[in-house]
Amino acid sequence: MVRIIPRLDIKGPNVVKGIQFDGNRVLGTPDALAEIYYREGADELIFYDTVASLYRRNSLLEYIRKTAAKIFIPMTVAGGIRSVEDIREILRAGADKVAINTAAIENPNLLKEAAQIFGSQCIVASIEFYQTTHGGYEVWTDYGRQPTGIDAFDWARRAVDLGAGEILLTSIRRDGMGNGFDVDFTSKVAKAVPVPVIAGGGAGKKEDFLSVIAQGAADAVSAASVFHYYYATAPGDNRRWMSFDESRLRMGEDIDSGNIDFLKDGYGGYKNIMVNHVGLPELKNYLDECGVPVRGLAYAKR
Amino acid sequence: MPNAKSPDAVIIDYGVGNLFNVQRALDLLGASSVISGKPEDILSAKKLILPGVGAFEAGMRYLNERGLVSAIRKRAAEGCPVLGICLGMQLLMTHSEEGGSHDGLNLIAGKVRRFQAPNNGQSYKIPQIGWNRLTLASKGGNWRDTLLNGLDEAPCMYFVHSYCVYPESAQAWLAQTEYGQDRFCSVLLQDNIQGCQFHPERSGEMGLRILKNFISKK
């Protein structure tokens, strides 16, 4: 079955979302959003500490612990993971996997060592890339700040050889834009490596999920805006999931972070951005109707 | 034997895997548990959970070195309910072909074999990572009064594995799952010995129901 994985970008105490790894806006608290997605049928969650690689440390332990006591689906933690000790701490806090980008580029042996100690199943190689002007794909590190000159396709294969059990592919240029995934590159990687590939960056409507699964051969799909803004703004029943106040688009505590203005003004003036928000049940029904095997939405009542 | 102070379950610590999420799930369900690698805790357990992620050989070696193999076998023979999860389920078997050829706890007669590699034109990945369906393993059977009591038909669970369990006795197959070219035993049940190839502690509300069934069954 193809997995649908909401991705929570986290900065300080908040879930944020930006465009092309920049201009992050606050959306809510990590544990509140995680619980909504769990109830709505997310197959896994990714927690991404957005500033961690810049500060060289991951600060999500507290949220992972809090979330792990309430939700019981796999959780992957990304951002600023630099050592076997970091990984051990994050797994102990309740995460199932860690996704590593910057530190693995600086020290590829980290993937190997980590896979030997914890098993490949919990080591995800996170590959964040830009398409180059020559039609190639280049790995960038440090939360989309640092070009490396490394070919993303070659790195994907090498990361698997080193011990990565999954590949998380994120197009930086498509992040937050809603113009669809990089289907070609996803397909190229997914067909070349023996481990699952998670496609990320660019989800703007449910049809995008279908194409990256059907044509892109993605084993799983991660997305953020398309879900976050659905649960923040959808009318009717879905509203009940959030203690959401139009003047203060943040769950839990009161903060006005300008998200509503951002939405009302057509995504802050980015006129070329079109995100058709979709809820998890609606997306899964759609994929199911299109013949994509997905996890059903019925679950036992507690 | 258990005494008044014994927790509801002992989660066996054998140096691999994430034991804490199993314990967190039990906490949520209101069941007391300890994580322990001591033979005396195993011998006095009300219920035993053998979790696990990792390699078969390393798991068995650790259990042997700590004297846990005989403790688990003894307590199981006394009728203590045992639940193996993922690698823990595989360790219950006679034998595994992972990384050579290795003996298991032999609480259930049967083998552990790797998924068949995709043929030309097939595109599934090994390990299987993700959700998959459980179905009834035998015609006319049912899940009443078992680990799977109260679950929907064909529930989805979260799997992470390259090797699969094949009990010899057809009666020990409580549920089966298909992946690639294989149909394997995803839940086994033989007397007091039970196992899940998937992670109930990672399978949402359906998975929690399985743990609840295990804990609440007399």
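As the structure is a prediction and not an experimental result, all values here were calculated from the model.

Criteria and cut-off values
- Residues numbered from 1 in each chain as written.
- Chains lettered and ligands numbered in written order.
- Predicted model: local features only at pLDDT ≥ 70, side-chain atom pairs only at ≥ 80, totals over all residues.
- Helix = DSSP H or I, 4+ residues; strand = E, 2+ residues; numbered from the N terminus.
- Buried ≥ 20, exposed ≤ 12 C-beta atoms within 10 Å, placed from the backbone.
- Contact = placed C-beta atoms within 7 Å.
- Rg over C-alpha atoms; globule rule 2.2 N^0.38 Å.
- pLDDT = per-residue confidence, 0-100.
- Nonpolar A, V, L, I, M, F, W, Y, C, P; charged D, E, K, R; others polar.
- Arc of directions from axis to C-beta.
- Pairing = 2+ DSSP bridges.
- Core = buried A, V, L, I, M, F, W, Y, C linked by C-beta atoms within 7 Å.
- Axes fitted to C-alpha atoms, helices over the stretch in contact; angles between N-to-C directions.
- Left-handed = near helix turned anticlockwise from the far one by under 90°.
- Parallel < 35°, antiparallel > 145°, perpendicular 65-115°, else oblique.

1. Brief notes about the overall build of chain A
Then comes step 1: In terms of regular secondary structure, chain A is built from twelve helices and twelve strands.
Then comes step 2: For chain A, the proportion of its 302 residues judged to be buried stands at 55%.
Then comes step 3: In chain A, the share of contacts with a sequence separation of at least 24, taken over all contacts with a separation of at least 6, comes to 66%.

2. Let's talk about the overall build of chain B
Then comes step 1: On a plain count of helices and strands, chain B comes out with six helices and 14 strands.
Then comes step 2: The C-alpha radius of gyration of chain B comes to 16 Å, within 12% of the 17 Å expected for a compact globule of 218 residues.
Then comes step 3: Overall size of chain B, expressed as C-alpha extent along the three principal axes, is 60 × 40 × 30 Å.
Then comes step 4: Within chain B, the fraction of its 218 residues that count as buried is 51%.
Then comes step 5: Taking the contacts inside chain B whose residues are at least 6 apart along the sequence as the reference set, 71% of them involve residues at least 24 apart.

3. A closer look at the confidence of the model for chain A
Then comes step 1: The predicted model of chain A averages 84 in pLDDT, with 81% of residues at 70 or higher.
Then comes step 2: Across residues 235-257 of chain A the pLDDT falls below 50, and counting only partners more than four positions away or on other chains, this stretch makes 37 contacts in the model.

4. Looking at the interface of chain A and chain B
Then comes step 1: Residue-level contacts link 28 residues of chain A with 30 residues of chain B.
Then comes step 2: Considering only residue class, the side of chain A that touches chain B consists of 15 nonpolar, four polar and nine charged.

5. Section: helix α4 (residues 84-92) of chain A
Each α-helix winds once per 3.6 residues, and so residues spaced three or four apart point in a common direction.
Residue and element names in this part refer to chain A.
Then comes step 1: For α4, every residue scored as buried is listed here: Asp-86, Ile-87, Ile-90 and Leu-91. For α4, the buried positions fall inside an angular range of 125° around the axis, keeping them on one side.
Then comes step 2: The inward-facing, buried residues of α4 abut α3 (61-68), β5 (75-78), β6 (97-100) and α6 (109-118).

6. Comments concerning the pairing of strand β8 (residues 137-141) of chain A
All names here are of chain A.
Then comes step 1: Burial analysis of β8 places four of its five residues in the buried class, which makes it a mostly covered element.
Then comes step 2: Of the strand pairs in this sheet, strand β7 (residues 123-131) and β8 are connected by four bridges, and their pairing is antiparallel. Each residue of the ladder has a partner; that of Gln-131, found in β8, is Tyr-137.
Then comes step 3: Counting the residues that bridge the hairpin from β7 to β8 gives five residues, and of these Gly-135 lies at a positive phi of roughly 85°.
Then comes step 4: Pairing of β8 with strand β9 (residues 146-151) involves three bridges; the strand directions are antiparallel. Its bridge partner lying in β9, Thr-141 is registered against Gln-146.

7. What about the pairing of strand β2 (residues 14-19) of chain A?
Residue and element names in this part refer to chain A.
Then comes step 1: With three bridges joining them, strand β1 (residues 3-11) and β2 adopt antiparallel strand pairing. Looking across to β2, one finds that Asp-9 is bridged to Val-16.
Then comes step 2: Counting the residues between successive antiparallel strands, the hairpin from β1 to β2 contains two residues, one of them, Gly-12, with a positive phi of roughly 55°.

8. As for the nonpolar core
Across soluble globular proteins, nonpolar side chains have a tendency to be buried as a group.
Then comes step 1: Grouped together as the largest cluster of nonpolar side chains are 162 residues, with contacts concentrated most on Phe-47, Val-98, Ile-167 and Val-221 of chain A.
Then comes step 2: In contact with Val-98 of chain A, not counting residues within four places along its chain, are Thr-76, Val-77, Ile-81, Ile-87, Ile-90, Cys-122, Ile-123 and Val-124 of chain A.

9. Topic: the packing of helix α1 (residues 30-40) of chain A against α3 of chain A
Residue and element names in this part refer to chain A.
Then comes step 1: Running from N to C, α1 and α3 cross one another at 40°; their axes reach a closest spacing of 9 Å. Crossing of α1 against α3: the hand is right-handed. In contact with Pro-30, Asp-31 and Ala-34 of α1, α3 contributes Tyr-63, Lys-66 and Thr-67.
Then comes step 2: When the residues that make up the contact of α1 with α3 are grouped by side-chain class, the tally is three nonpolar, one polar and two charged.

10. Examining α3 of chain A
Then comes step 1: All buried positions along α3 of chain A are accounted for by Tyr-63, Ile-64, Thr-67 and Ala-68 of chain A. Projected down its long axis, α3 of chain A carries its buried residues within an arc of 125°, all on one side.
Then comes step 2: Buried residues along α3 of chain A sit in contact with β1, α1, β4 (45-49), β5 and α4 of chain A together with α1 (20-28) of chain B.

11. Remarks on unusual backbone geometry
Glycine aside, negative phi is the norm for most residues, and most peptide bonds take the trans geometry.
Residue and element names in this part refer to chain B.
Then comes step 1: Cis geometry marks the peptide bond from Ile-126 to Pro-127; its omega dihedral reads 5°.
Then comes step 2: Looking at where Pro-127 falls in the secondary structure, it is placed in the loop between β7 (108-114) and β8 (128-133).
Then comes step 3: Positioned with a positive phi, Asp-145 is a non-glycine residue whose angle comes to about 60°.
Then comes step 4: Of note, Asp-145 is situated in the loop between β9 (135-136) and β10 (156-161).
Then comes step 5: We classify Asp-145 as exposed; it has 9 C-beta atoms within 10 Å.
Then comes step 6: Phi is positive for Ala-154, close to 50°, though the residue is something other than glycine.

12. Focus: the confidence of the model for chain B
All names here are of chain B.
Then comes step 1: Summarising the model, chain B shows a mean pLDDT of 93, and 99% of its residues fall at 70 or more.
Then comes step 2: Ranking the elements of chain B by mean pLDDT puts helix α3 (residues 56-65) last, at 91, and strand β14 (residues 193-196) first, at 98.
Then comes step 3: Predicted as a complex, the structure gets a pTM of 0.91 and an ipTM equal to 0.92.

13. Details of the environment of Ala-192 of chain A
Residues and elements named next belong to chain A.
Then comes step 1: Tracing the backbone through its elements, the reader meets Ala-192 in helix α8 (residues 183-192).
Then comes step 2: A residue is classified by how many C-beta atoms lie within 10 Å of it, and Ala-192, with 13 of them, is partly exposed.
Then comes step 3: Put simply, Ala-192 and Phe-153 are 39 residues apart on the chain and 8.9 Å apart in space, counted from C-alpha to C-alpha.

14. Things to note about the environment of Ile-72 of chain B
All names here are of chain B.
Then comes step 1: Residue position: Ile-72 is located in helix α4 (residues 68-77).
Then comes step 2: Put simply, Ile-72 and Ile-42 are 30 residues apart on the chain and 6.5 Å apart in space, counted from C-alpha to C-alpha.
Then comes step 3: Contact partners of Ile-72, with chain neighbours within four places excluded, come to Ile-42, Leu-48 and Leu-105.

15. Quick look at the packing of helix α9 (residues 206-214) of chain A against helix α12 (residues 280-289) of chain A
Residues and elements named next belong to chain A.
Then comes step 1: It is the contact of α9 with α12, at a shortest axis distance of 10 Å, that shows an interaxial angle of 45°. Relative to α12, α9 is oriented oblique. Like other packed secondary-structure pairs, α9 and α12 cross with a definite hand, here right-handed. Contact residues: Lys-206, Phe-209 and Leu-210 in α9; Leu-283, Tyr-286 and Leu-287 in α12.
Then comes step 2: Of the residues that constitute the contact of α9 with α12, the class distribution is five nonpolar, no polar and one charged.

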